[in-house]
Amino acid sequence: MTHKIAPSILAADFANLQKDIEMVNASEADWFHIDIMDGAFVPNISFGFPVMKAINKHATKPLDVHLMISNPDQYIQQCADNGAEVITVHYEACTHLHRTLNAIKEMGCLAGVAINPHTPVHLLNDVFKEIDLICIMSVNPGFGGQSFIENTYMKLQQLNSICQIKNHQPLIEVDGGVNTENYQKLLECGANVLVAGSSVFSSSNPTETILSLKQ
Ligand code: DX5
Ligand code: ZN
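## Remarks on the nonpolar core
Piece 1. Judged by nonpolar contacts, the single largest core of 61 residues is most densely connected at Ile34, Ile36, Met52, Ile55, Val65, Leu186 and Leu194.
Piece 2. For this core, the leading source of residues is helix H5 (residues 152–166), giving five residues.
Piece 3. Sequence-distant contacts of Ile55, defined by excluding residues within four places in its chain, comprise Ile9, Leu17, Ile21, Ile34, Phe47 and Leu63.
Piece 4. The next biggest cluster of nonpolar side chains, apart from the first, holds eleven residues, and it includes Leu133, Met137, Val139 and Val195.

## Quick look at the coordination of the zinc ion (ligand 2)
Piece 1. Surrounding the zinc ion (ligand 2) are the protein donor atoms His33 (NE2), Asp35 (OD), His66 (ND1) and Asp175 (OD), at 2.1 to 2.3 Å.
Piece 2. What the six donor atoms of the zinc ion (ligand 2) show is an angle range of 71 to 172° at the metal, which sorts the shape as octahedral.
Piece 3. The sequence pattern formed by the donor residues of the zinc ion (ligand 2) is H-x1-D-x30-H-x108-D. Taken together, the positions of Asp35 in strand E2 (residues 32–37) and Asp175 in strand E7 (residues 171–175) put the pair 140 residues apart, joining distant regions of the chain. Both residues of the pair, Asp35 and Asp175, count as buried.

## A short note on the pairing of E7
Piece 1. Among the five residues in E7, five count as buried, and that is most of the element.
Piece 2. A two-sided burial pattern is seen for E7, the buried positions comprising Leu171, Glu173 and Asp175 on one face and Ile172 and Val174 on the other.
Piece 3. Sheet topology places strand E6 (residues 133–137) next to E7; five bridges connect them, and they run parallel. Within E7, the residue paired with Met137 across the bridge is Asp175.
Piece 4. The pairing of E7 with strand E8 (residues 193–196) spans three bridges and is classified as parallel. The residue bridging Val174 from the neighbouring strand is Leu194, located in E8.
Piece 5. The parallel pair E7 and E8 is bridged by helix H6 (residues 183–188), and the resulting crossover is right-handed.

## Points about the state of the cysteines
Piece 1. The final tally for this structure, using the stated rule, is zero disulfides.
Piece 2. In this structure Cys135 is not part of a disulfide, and its nearest cysteine sulfur, from Cys94, lies 13 Å away.
Piece 3. Residue classification places Cys135 among the buried residues on the basis of a relative accessible area of 0%.
Piece 4. Here Cys163 stays free of any disulfide, with the sulfur of Cys189 as its closest cysteine sulfur at 13 Å.

## Quick notes on the environment of Ser202
Piece 1. Inspection of the secondary structure puts Ser202 in the loop between helix H7 (198–201) and helix H8 (206–214).
Piece 2. Placed 57 residues apart in sequence, Ser202 and Gly145 show a C-alpha to C-alpha distance of 9.4 Å.

## Description of the site of ligand 1
Piece 1. Residues in contact with ligand 1 amount to 20 residues; listed here are only the nearest, Asp35, Gly142, Asp175, Gly197 and Ser198.
Piece 2. At a separation of 2.8 Å, an oxygen atom of ligand 1 approaches a polar side-chain atom of Ser8.
Piece 3. Contact between ligand 1 and Gly145: an oxygen atom at 2.8 Å from a main-chain N or O atom of the residue.
Piece 4. Bound to the protein, ligand 1 loses 99% of the 380 Å² it would expose on its own.
Piece 5. Looking at the shell around ligand 1, the elements that each hand over two or more residues are E2, strand E3 (63–68) and E8.
Piece 6. The biggest single contributor to the shell around ligand 1 is E2, with three residues.
Piece 7. For the shell around ligand 1, the residue count by class is eight nonpolar, ten polar and two charged.

## Observations concerning the packing of helix H1 (residues 17–26) against helix H2 (residues 49–58)
Piece 1. The geometry of H1 relative to H2 is characterised by a closest axis approach of 9 Å and an angle of 45° between their N-to-C directions. As judged from the angle between their axes, H1 and H2 are oblique. The handedness of the crossing between H1 and H2 is right-handed. Touching Leu17, Gln18, Ile21 and Asn25 of H1 are Val51, Ile55 and His58, all from H2.

About the criteria used
Residues numbered from 1 in each chain as written. Chains lettered and ligands numbered in written order. Predicted model: local features only at pLDDT ≥ 70, side-chain atom pairs only at ≥ 80, totals over all residues. Heavy atoms only, no water. Core = buried A, V, L, I, M, F, W, Y, C linked by side-chain atoms within 4.5 Å. Buried < 20%, exposed > 50% of the residue type's maximum accessible area, 1.4 Å probe, protein only. Helix = DSSP H or I, 4+ residues; strand = E, 2+ residues; numbered from the N terminus. Contact = heavy atoms within 4.5 Å. Donors = N, O, S within 2.8 Å, 3.2 Å for Na, K, Ca; no water. Tetrahedral: all angles 85-135°; square planar, octahedral: opposite > 155°, others 65-115°. Pairing = 2+ DSSP bridges. Right-handed = clockwise from strand over helix to strand, strands pointing away. Disulfide = S-S within 2.5 Å. Near = heavy atom within 4 Å. Polar contact = N/O pair within 3.5 Å; in protein donor to acceptor, adjacent residues only side chain to side chain. Areas by Shrake-Rupley, 256 points an atom, 1.4 Å probe, with all protein chains shown as cover. Nonpolar A, V, L, I, M, F, W, Y, C, P; charged D, E, K, R; others polar. Axes fitted to C-alpha atoms, helices over the stretch in contact; angles between N-to-C directions. Parallel < 35°, antiparallel > 145°, perpendicular 65-115°, else oblique. Left-handed = near helix turned anticlockwise from the far one by under 90°.

Set out below in structure tokens:
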């Protein structure tokens, strides 16, 4: 399978969102990565459903929604109603992860789980077969533009072993500090969805950067 590129809208120009959405529509990108932060689970607030709805109005590619919020269960319905095709919740924010994953799937969405840099991959073992996408956070969630954490490569390798043992292959996403320098190694270690925010939107030619990450 060829890998997917999901530009993170958090790094887009919020005063010209439509322009950046159209750039992504016309590019080789596969998904829109939508970061929702609540100021409680993470120490930052990004944007909420009205903005997501506006993005969805112009986006011609699936919305990959990353919920960095406490109590994500409360917002799954609203997320699906506003156009999410993938809904990713944090392992660290879910008391009843099995139930949450099934609630996401009942909405007809792909069910994702994100794990923070300090969370070992084996903690997903007992719900592994319920998961459509695992997002390995390669920065501490909350902000764009942070440096990539090198331990991510090891976590990807550990995840590969679990996939083999469980005979189940979820999508494997890496989020945070992904750029044209490290993407190749991430793919070699088994990632197949790359989120890229500042490396795309801060580059002189975002369309070209997306193309480079796709090749
Ligand atoms: C971090 C977010 C990321 C972020 C990635 O909390 O989940 O999706 O937007 O941005 P970069 O690629 O700039 O690290
Ligand atoms: Zn994200």
